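Report on the structure
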Amino acid sequence: MRLLKFSISLLIALACAGPAPALAERVDADSVASDSVVLAATRAIDEGRPWRATRILSPALGDSVLRTPEVVLTAARAAAMWGGWSEVSKLLASASWLDTLAQGEGRVLLTHSALQLGEDSTALRYARSAVVTARGGAAEGERLVLLARAFDRLDVNDSAAAAYSRAGALLPAIGDWLRLRAAEVTAASQARKALYAAIRSPAARERVPAVEARARQRSGDLAGAMAAFDSLGLPVRALRLRLGDSTSTPRPSHADSSAVRASLVELLRERAGSPTAREALELLDYAFGALTPEEELDAARSAAASGPASRAATGFARAFEAGLGNSRDRFSYASILSRLGRDREAAAQFARVKSPASLAASAAYQHARSLLRAGDGSASRTALRQVIRNHRDDKEAASHALYLLADLATDEGRDGPARSAFREVAERYPTSTLGASAAFRAALIAYAEGLHTTAAREWDELVKRHPSSSEALAAEYWSGRAWSDAGDSAKARARWESVERRSRLSYYSMLAARRLGRAPWVPAAAADSFAAVPATDSAFARAALLDRLGMDPEAELEYAYLRAHPGSTPDSILATAAAFRAHGLASRGISLAQQAISRGASSDARAYRLLYPVSLDAALEAEASLNGLDPSLVAALIRQESRFNPRATSPVGARGLMQIMPRVGHTIANGLDFPAWDAALLYQPDVSLQLGTSHLADLLSGYTDDGRALAAYNAGKSRVERWAKKHGANDPEMFVERIPFRETRDYVRIIQRNRELYASLYGWSRKK
């Protein structure tokens, strides 16, 4: 018994004394490791690189010893910043320490996550707990906004209004916006008027009529809501209410339904091609089903202009089945089918357009193009020759057909026939939209074949005949190259000096300067110093807080107001542009910088750094260095792809700064061992930089010059391989000129010119 007591006493003493030295060292080491990981991840978050933070924390999350509450909370913080809301829920939902760590921040993150995922009841539960753990002041105000949003989404209007109002008292900077939200869920009109009366912000005051319309709808004042929507120029919203497309609206009578239908059809006809007409068509299809053939034709004509293209195709098909429609409708239908990639069907429809003569000529040419896109090159060539033969006097159709035949010949390596066709376009149809371009391409082939004097004279003639053409500057530069190769250095220098004088910012000015042995033009040096505009600073602070609270529409309204009212002087406009850049919205400042310069601001490096901005420059430089890239090339590519807008989305679905398709991004991410994947990551700047620079580096490693890699980034490797086989394409400048797609050709030229600007503006030394 005494031995047992002694053993127990010894154990207690050992416990009180702390762990054994070896164990203590291990515990301390684990603690230090965990703290250092959290510190590194927090630093990445502060730098605006949340995905880097996620990657830093990933090993610790998989280690039972290092996975501390602090690590988990920091990981959730990072995931929230890059839009990984499911990841936030997975990390925090089962945590036992939510209310004790960081003043309940975990509950706040879970509330945000539930709201983003549409789990409104769950969001309400988390928000209530988050408010309880707040300690007053701004923190409580922010949590009350989340609580109000949850009540709002669940239509618990009185509670939502109360929470918005309480939050407004604690967050005076955004009080006006919170008063607007409170007004929208307030049934009593007098109470709403009192809330409106307290609003001082011009941006918020502009929204009062729209809020009043929605408030009337929510409170059941349908007549008032309809009148309000009508006065706002939103007639379809009013008709939707009248139709009963609202939980608070009674089912309309048959007469009401007929009247609404008639009004929607009238809007479709009178405002064809407008957003209002598109909205009217959507409601017609949703509420009334089948339309009459005449209405289908109206729907198709409107949708052909405003979209969706698929609805236009359906409408035209139904109208034609009923024997309706004219030749222009048939042409529109064929064009829509072509836009939808239904090339065989498009070709058949274009072939049916026989009058009027001008439309028939254009349709014949588009028929040939559709056959080509459908993969029937032989039939397309035959159709193109028929256009030239049957519509010889239609300069646009005939010149386009000849030009396309020439392009096809160059793709096949038949430069002789191609040059003849280009020359025919230039000589027979000099005033057509392709006249100058055909003359340029004909001379280019002559140059590639070593006929330098011939090429030089043809380019000089082009400049003389088409001085304002988009091809004139290129022709003058290449004339200089041709005269140089022909041995006339004086004429060459004269051409290049003229190019420099005419357009100091152009791609050809850059090339001409190099040929003359001097550096391309750069703006005068100037430090980034801008006027202080307190009102602008306050607006950005409000927008940042609104964005953090998930009040995205209000944040966008603040930004829109700033862009519309940037100040009255060039300096104040530049200051607003600089503020957009400083807040990670550089793309929005570009147009303001252009506006400031047009109004007299100095065209120095200070202004040009706003015209050619950089976001996350440290991350850009780091990713460029990691992949062996010139940061000025990366920046120039981003400027062209997205104008540094991290939320940019192309018509085909490419996303983010470097415009990466989700499928391509997923493949690259797998190769880089991403710990998680979500297509939303492509909108995260540091992810776009990592994936995009990796992709660009891979392309550059496979080509001998940057122009080919850039062309592949824009148009794909297979096309570059085909273009590289053209005569003379071993010359990097010639390769660019022989790209048949104008979009890709301009893309490569602009990026290469802008690369020079970025190198000078940001002090980056050029490297391969």
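Predicted model only: the values in this text are computed from it and were never measured.

Right, let's talk about the overall build of the chain for a bit. The helix and strand tally for the chain stands at 43 helices and zero strands. Structurally, the chain occupies a C-alpha span of about 110 × 80 × 55 Å along its principal axes. Buried positions account for 50% of the 768 residues belonging to the chain. Between the averaged position of the 99 positive side-chain charges in the chain and that of its 86 negative side-chain charges there is a distance of 2 Å.

Quick look at the nonpolar core now. With 201 residues, the main nonpolar core has Leu 92, Trp 459, Trp 478, Tyr 508, Leu 620, Phe 644 and Met 658 as its most contacted residues. Residues within four places of Leu 92 in sequence aside, it is in contact with Val 72, Ala 76, Trp 97, Leu 98, Gly 106, Leu 109 and Leu 110. One finds Leu 264, Val 265, Leu 284 and Leu 337 within the second-largest nonpolar core, a separate group that totals 35 residues.

Attention shifts here to the pattern of salt bridges. Under the definition given, this model contains 55 salt bridges. Arg 742 is paired through a salt bridge with Asp 746; the nearest N and O atoms lie 3.7 Å apart. With Arg 742 and Asp 746 both in helix 43 (residues 742-762) and four residues apart, this pair spans about one turn of that helix. Relative accessible area serves as the criterion here: at 39%, Arg 742 is assigned to the partly exposed category. What makes Asp 746 partly exposed here is its relative accessible area of 25%. One connected set of salt bridges, linked through shared partners, spans Asp 152, Asp 155, Glu 184, Arg 214 and Arg 218.

What follows deals with the side chain of Arg 581. Counting through the fold element by element, Arg 581 comes out in helix 33 (residues 570-582). A distance of 3.2 Å separates polar atoms of two side chains, one belonging to Arg 581 and the other to Asp 528. Beyond its immediate sequence surroundings of up to four residues, Arg 581 is in contact with Asp 528, Phe 530, Ala 586, Arg 609, Leu 610, Pro 613 and Val 614.

Compared with the 24 Å implied by 1.5 Å per residue over 17 residues, the 24 Å span of helix 22 (residues 357-373) between its first and last C-alpha is a close match. Within helix 22, the full set of buried residues consists of Leu 359, Ala 360, Ala 361, Ala 363, Ala 364, Tyr 365, Gln 366, His 367, Ala 368, Ser 370 and Leu 371. Next to the buried residues of helix 22 lie helix 20 (327-339), helix 21 (343-351), helix 23 (377-390) and helix 24 (395-411). Immediately downstream of helix 22, the backbone of Gly 375 shows phi near 95°, a positive value.

Our focus in this paragraph is helix 40 (residues 706-715). Taken across its ten residues, helix 40 has nine buried, putting it largely inside the fold. Those residues of helix 40 hidden inside the fold are in contact with helix 37 (631-641), helix 39 (685-701), helix 41 (717-723), helix 42 (732-737) and helix 43. The distance from a side-chain oxygen at the start of helix 40 to the backbone nitrogen of Gly 707 is 3.0 Å, and the residue carrying that oxygen is Asp 705. Gly 716 lies just past helix 40 and shows a positive phi near 100°.

Turning our attention to unusual backbone geometry. Residues Gly 307 and Pro 308 are joined by a peptide bond in cis, for which omega reads 0°. Position of Pro 308 among the secondary structure elements: in the loop between helix 18 (293-306) and helix 19 (309-321). In the segment running from Ser 355 into Pro 356, the intervening peptide bond is cis, with an omega of -10°. Its location among the elements puts Pro 356 in the loop between helix 21 and helix 22. In the Ramachandran plot, Gln 659 falls in the positive-phi region, its phi being about 50° despite a non-glycine side chain. Assignment of secondary structure puts Gln 659 in the loop between helix 37 and helix 38 (662-671).

Another aspect to go through is the packing of aromatic side chains. With the rule as written, the count across this model stands at 26 aromatic pairs. Considering the side-chain rings of Tyr 507 and Tyr 508, the 4.9 Å spacing of their centres and the 75° angle between planes classify their relative orientation as edge-to-face. By relative accessible area, Tyr 507 is classed as buried at 7%. Counting every residue linked through ring pairs, the aromatic cluster contains Phe 440, Tyr 447, Trp 459, Tyr 477, Trp 478, Trp 496, Tyr 507 and Tyr 508. Seen from the ring of Tyr 126, Arg 125 lies directly overhead, with NZ or CZ sitting 4.9 Å from the centre.

Direction vectors running N to C along helix 27 (residues 452-465) and helix 28 (residues 472-485) enclose 155°, while the axes themselves pass 8 Å from each other. Considering the angle they form, helix 27 stands roughly antiparallel to helix 28. In this structure, helix 27 meets helix 28 at a crossing whose hand is left-handed. Residues His 452, Thr 453, Ala 455, Ala 456, Arg 457, Trp 459, Asp 460, Leu 462 and Val 463 of helix 27 touch helix 28, and the partners they reach there are Ala 472, Ala 475, Glu 476, Trp 478, Ser 479, Ala 482, Trp 483 and Asp 485. Residue classes in the contact of helix 27 with helix 28 are distributed as ten nonpolar, three polar and four charged.

To continue, consider the environment of Gly 589. With respect to the helices and strands, Gly 589 occurs in helix 34 (residues 586-598). Under the relative-accessibility criterion, Gly 589 is labelled buried at 1%. Spatially, the C-alpha atoms of Gly 589 and Ala 287 are 43 Å apart, while their sequence positions differ by 302 residues.

This part takes up the environment of Glu 500. Mapping Glu 500 onto the fold places it in helix 29 (residues 489-502). Glu 500 sits in the buried class, given a relative accessible area of 17%. Spatially, the C-alpha atom of Glu 500 lies 6.9 Å from that of Ala 513, the residues being 13 residues apart in sequence.

Bringing the confidence of the model for the chain into the picture now. Looking at the chain as a whole, its pLDDT mean stands at 92, while 94% of the residues score no less than 70. Here residues 1-27 scores under 50 on pLDDT; set against residues more than four positions off or in separate chains, the count is one contact.

The next subject is the packing of helix 23 against helix 24. Helix-helix packing is characterised by the crossing angle of the two axes and by the distance between the axes. At a closest axis distance of 8 Å, the pairing of helix 23 and helix 24 adopts a crossing angle of 145°. Crossing of helix 23 over helix 24 shows left-handed handedness. Where helix 23 abuts helix 24, its residues Arg 381, Leu 384, Arg 385, Val 387 and Ile 388 lie against Ala 397, Ala 398, Ala 401, Leu 402, Leu 404, Leu 405 and Leu 408. In terms of residue class, the contact of helix 23 with helix 24 is built from ten nonpolar, no polar and two charged.

Secondary-structure assignment places Ser 572 in helix 33. Residue contacts for Ser 572: discarding those within four places in its chain leaves Val 533, Pro 566 and Gly 567.

About the cut-offs
- Residues numbered from 1 in each chain as written.
- Predicted model: local features only at pLDDT ≥ 70, side-chain atom pairs only at ≥ 80, totals over all residues.
- Heavy atoms only, no water.
- Helix = DSSP H or I, 4+ residues; strand = E, 2+ residues; numbered from the N terminus.
- Buried < 20%, exposed > 50% of the residue type's maximum accessible area, 1.4 Å probe, protein only.
- Lys, Arg positive; Asp, Glu negative; His and termini not counted.
- Charge placed at Lys NZ, Arg CZ, Asp CG, Glu CD.
- Core = buried A, V, L, I, M, F, W, Y, C linked by side-chain atoms within 4.5 Å.
- Contact = heavy atoms within 4.5 Å.
- Salt bridge = Lys/Arg side-chain N within 4 Å of Asp/Glu carboxyl O.
- Polar contact = N/O pair within 3.5 Å; in protein donor to acceptor, adjacent residues only side chain to side chain.
- Expected span 1.5 Å × (residues − 1).
- Phe/Tyr/Trp six-rings, centres within 6.5 Å; stacked < 30°, edge-to-face > 60°.
- Lys NZ or Arg CZ within 6 Å of the ring centre and 35° of its normal.
- Axes fitted to C-alpha atoms, helices over the stretch in contact; angles between N-to-C directions.
- Parallel < 35°, antiparallel > 145°, perpendicular 65-115°, else oblique.
- Left-handed = near helix turned anticlockwise from the far one by under 90°.
- Nonpolar A, V, L, I, M, F, W, Y, C, P; charged D, E, K, R; others polar.
- pLDDT = per-residue confidence, 0-100.

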